[in-house]
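A structural walkthrough
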Amino acid sequence: MKHFTYQNLHELQSDAERLGASRVRFEEDAQRVRSILARPVQVGGLRVGNSIAIHPMEGCDGSLDGAPGELTWRRYERYGSSGAKLLWFEATAVRADGRANTRQLWIHAGTVGDLGRMLERTRQLHREIYGAADDLLEVLQLTHSGRHSAPRKVVPSHNPYVDAKTGVPADYPLISDDELERLEDDYVEAARLAHAAGFRAVDIKTTHGYLMIELLGAKRREGRYGGPLENRLRLLRNVIGKIRAALGDRLLLCVRLGCFDGLPYYKDPETGVGVPCRYEAPYPYGFGVDPADPLREDLTEVKQVIRCLESWGVKLLNVSSGSPYFNPHVGRPFEKPDEGNYEPPEHPLLGVDRHFRIAGELQQEFPDLPMVGTGYSWLQKYCVNAGAKNIDEGRIRFFGVGRGSLAHPDFAREALERGELDERKVCKTLTFCTFLMRQKNHPMGQFPCGCPPFDKEGYGQIMKQAVAAKRAEKK
Ligand SMILES: Cc1cc2nc3c(=O)[nH]c(=O)nc-3n(C[C@H](O)[C@H](O)[C@H](O)COP(=O)(O)O)c2cc1C
Ligand code: SF4
């Protein structure tokens, strides 16, 4: 079903009102959009040049040893030129067994040189176009993919509902406390290398169903890293503490935090629409979920965690939700699902509203900690109007764009110059990028992922090959 049928901003706004998506509001005046998005933001000791962020967007196009490939370079060259002043570099594994696919970036002694050169190229292009890169902040996202690691899943805790959805047997062995402790040092080494490569900031990725967020929700895990919140926070606390001990204030610390895990969804075989798994309440799993009604967020623990992060010296938070593996409509409100997946179980405007509601409440509760908002791309060309409104009302500090940046990396420059986006170029949330991400039938074990409809030069041919490979697989 087509949801985005609006001819103008007024139609979109009145549909949001009709649906009760009361946080989805817009700055209508293009001049004000320009000036609001151009506002600098103080992050720790650094004044970031404007309020536009590009979210981490994995391209699955590295080499088998984790170095950036040709398409990775191309993506960051485009981002460096885009005009956004906060560039969040994609998920980069801290060790080999934490990679989600064979071509995910992986930072180690053999790849740090290439990562540094790619970063410098990004900055150089930015400098050439905008005169300076001192006010450009690049964050490297450090990750361990946990149960989504390939080929071997690394599971930090069992949740029968998530296990069923992700193909993990109930008796699959959990990563031990001692291994988790060793992993702390891998994060520290990765952060040290990121600093050596020239990054001024790292993100300890704690979202989207990967290892760190699963631990935050590991209420049923026994031992030092599970149970009470203090234990569930142990890995994150130790990683942050050890990085600060090693590098002091030389590296800014950031966290992308999944603030609402939600429940796994399945495709209804008759309607094709997503339905939540059958569950029993109280639901003793997950992070940010209301145990009495896990379809709703409960931000009590989320706020406790953010309070801790602030006190441990974290300077920037990127607010996200959901898991692309078990409830993609939560994290990435979409128009069309990726092949085989479910149709959205709610109007995507309600998904956008959830993002804005959660991020708005958190930013207002923690005004001294700048936050990046997520979930704007479904709004297509009007995402800039929504971003400006949220910033102007103090409901977020950075307007962050994910899929929209793959489709149209120059969106930031356009927004800053004209206060509006070109409808012909913006992402239409058709989800071909996720389709590519799920395709493994490639000589390197993974197809690169980007935006075939709006970046034909980069991905038109790749899409054709992926479709052909998929057909061959089915035969
Ligand atoms: C192809 C693709 C790759 C992504 N890679 C990452 C990633 O590396 N790290 C991350 O935290 N989120 C990743 N995301 C999630 C996005 O950063 C973002 O949260 C999501 O797309 C919703 O924002 P949007 O509505 O602006 O697209 C990815 C999403 C897509 C579609
Ligand atoms: S393939 Fe392109 S248009 Fe489709 S969701 Fe991804 S970025 Fe947007």
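Residues numbered from 1 in each chain as written. Chains lettered and ligands numbered in written order. Predicted model: local features only at pLDDT ≥ 70, side-chain atom pairs only at ≥ 80, totals over all residues. Heavy atoms only, no water.

**So, the packing of helix 2 (residues 30–37) against helix 15 (residues 411–418)**
Contact pair helix 2 / helix 15: the axes reach a minimum separation of 7 Å and the direction vectors enclose 120°. Between helix 2 and helix 15, the angle falls in the class oblique. In contact with Ala-30, Arg-34 and Leu-37 of helix 2, helix 15 contributes Ala-415, Leu-416, Glu-417 and Arg-418. Taken together, the residues that form the contact of helix 2 with helix 15 break down as 4 nonpolar, no polar and 3 charged. (Axes fitted to C-alpha atoms, helices over the stretch in contact; angles between N-to-C directions. Helix = DSSP H or I, 4+ residues; strand = E, 2+ residues; numbered from the N terminus. Parallel < 35°, antiparallel > 145°, perpendicular 65-115°, else oblique. Contact = heavy atoms within 4.5 Å. Nonpolar A, V, L, I, M, F, W, Y, C, P; charged D, E, K, R; others polar.)

**A few points about the nonpolar core**
Ranked by size, the top nonpolar core spans 113 residues in total, and within it Leu-142, Ile-204, Leu-257, Leu-379 and Phe-399 carry the most contacts. By residue number, the principal contributor to this core is helix 6 (residues 177–197), which donates 9 residues. In contact with Leu-257, other than residues within four places in its own chain, are Thr-206, Thr-207, Leu-216, Phe-287, Val-302, Val-305, Ile-306, Leu-317, Asn-318, Val-319 and Ser-320. Core analysis: the second largest hydrophobic core is formed by 15 residues, Val-41, Leu-46, Ala-53 and Leu-252 among them. (Core = buried A, V, L, I, M, F, W, Y, C linked by side-chain atoms within 4.5 Å. Buried < 20%, exposed > 50% of the residue type's maximum accessible area, 1.4 Å probe, protein only.)

**Comments concerning the site of ligand 1**
The full set close to ligand 1 counts 23 residues, and Glu-58, Gln-141, Ser-377, Gly-402 and Arg-403 are the nearest of them. One of the backbone nitrogen or oxygen atoms of Glu-58 is found 2.8 Å away from a nitrogen atom of ligand 1. A distance of 2.8 Å separates an oxygen atom of ligand 1 from a polar atom in the backbone of Gly-402. Summarising the interface, the protein chains cover 99% of the accessible area of ligand 1, which totals 620 Å² for the free molecule. The element contributing the most residues to the shell around ligand 1 is helix 16 (residues 432–437), with 3 residues. Considering only residue class, the shell around ligand 1 consists of 8 nonpolar, 9 polar and 6 charged. Both of domain 1 (9–427) and domain 2 (431–475) provide at least three residues apiece to the shell around ligand 1. (Near = heavy atom within 4 Å. Polar contact = N/O pair within 3.5 Å; in protein donor to acceptor, adjacent residues only side chain to side chain. Areas by Shrake-Rupley, 256 points an atom, 1.4 Å probe, with all protein chains shown as cover. Domains from an automatic or database assignment.)

**A closer look at the site of ligand 2**
Close contacts around ligand 2 come from 13 residues, with Cys-427, Leu-430, Thr-431, Cys-433 and Cys-451 the closest. Listing elements by their share of the shell around ligand 2, those giving two or more residues are helix 14 (403–407) and helix 16. Grouping the constituent residues of the shell around ligand 2 by class yields 9 nonpolar, 2 polar and 2 charged. Counting residues domain by domain, the shell around ligand 2 receives three or more from each of domain 1 (9–427) and domain 2 (431–475).

**Quick word on the side chain of Lys-205**
If you trace the backbone, Lys-205 turns up in the loop between strand 7 (201–204) and helix 7 (211–216). Here Lys-205 is buried and forms no salt bridge, its nearest opposite-charge partner Glu-58 lying at an N-O distance of 5.3 Å. Apart from the residues within four sequence positions on either side, Lys-205 is in contact with Ala-91, Gln-141, Leu-142, Thr-143, Tyr-210, Met-212 and Arg-256. (Lys, Arg positive; Asp, Glu negative; His and termini not counted. Salt bridge = Lys/Arg side-chain N within 4 Å of Asp/Glu carboxyl O.)

**Re the domain arrangement of the chain**
In terms of domains, the chain is made up of domain 1 (9–427) and domain 2 (431–475). Look at where the C-alpha atoms of domain 1 and domain 2 centre, and you get two points 23 Å apart. Taken together, both faces of the contact between domain 1 and domain 2 bury some 2000 Å²; the carbon and sulfur share is 55%. By the criterion of area lost to domain 2, the three top residues of domain 1 are Arg-103, Asp-338 and Glu-339, representing 24% of everything that side buries. Our count for the contact surface shared by domain 1 and domain 2 stands at 3 salt bridges. A salt bridge links Asp-455 to Arg-78, with the nearest nitrogen and oxygen atoms 3.4 Å apart. Taken together, the links from domain 1 to domain 2 amount to 7 residue pairs in polar contact (both at pLDDT 80 or more). At the level of elements, helix 3 (70–82) and helix 14 are the ones that each hand at least two residues to the side of domain 1 that touches domain 2. (Buried area = accessible area lost by both parts, 1.4 Å probe.)

**Quick look at the packing of aromatic side chains**
All told, the structure shown has 15 aromatic pairs when counted by the stated rule. Here the aromatic rings of Tyr-161 and Tyr-285 are separated by 6.2 Å at their centres, their planes lie at 70°, and the arrangement is edge-to-face. With a gap of 124 residues between them, Tyr-161 in helix 5 (residues 160–166) and Tyr-285 in the loop between strand 10 (274–276) and strand 11 (289–290) connect regions that are remote in the sequence. Accessibility assignment for this pair places Tyr-161 and Tyr-285 in one class, buried. Taken together, a centroid distance of 4.6 Å and an interplanar angle of 40° make the contact between Phe-356 and Tyr-376 tilted. Here the residue Phe-356 occupies a position in helix 12 (residues 348–365), and Tyr-376 occupies one in the loop between strand 14 (371–373) and helix 13 (383–392), the gap between them amounting to 20 residues. You can call Phe-356 buried: its relative accessible area is 4%. Here a set of aromatic residues connected by ring pairs shows up, and it is made of Tyr-76, Tyr-79, Phe-89 and Phe-199. In this structure, Lys-165 is placed above the aromatic ring of Tyr-266, and the distance from its NZ or CZ to the ring centre is 4.5 Å. (Phe/Tyr/Trp six-rings, centres within 6.5 Å; stacked < 30°, edge-to-face > 60°. Lys NZ or Arg CZ within 6 Å of the ring centre and 35° of its normal.)

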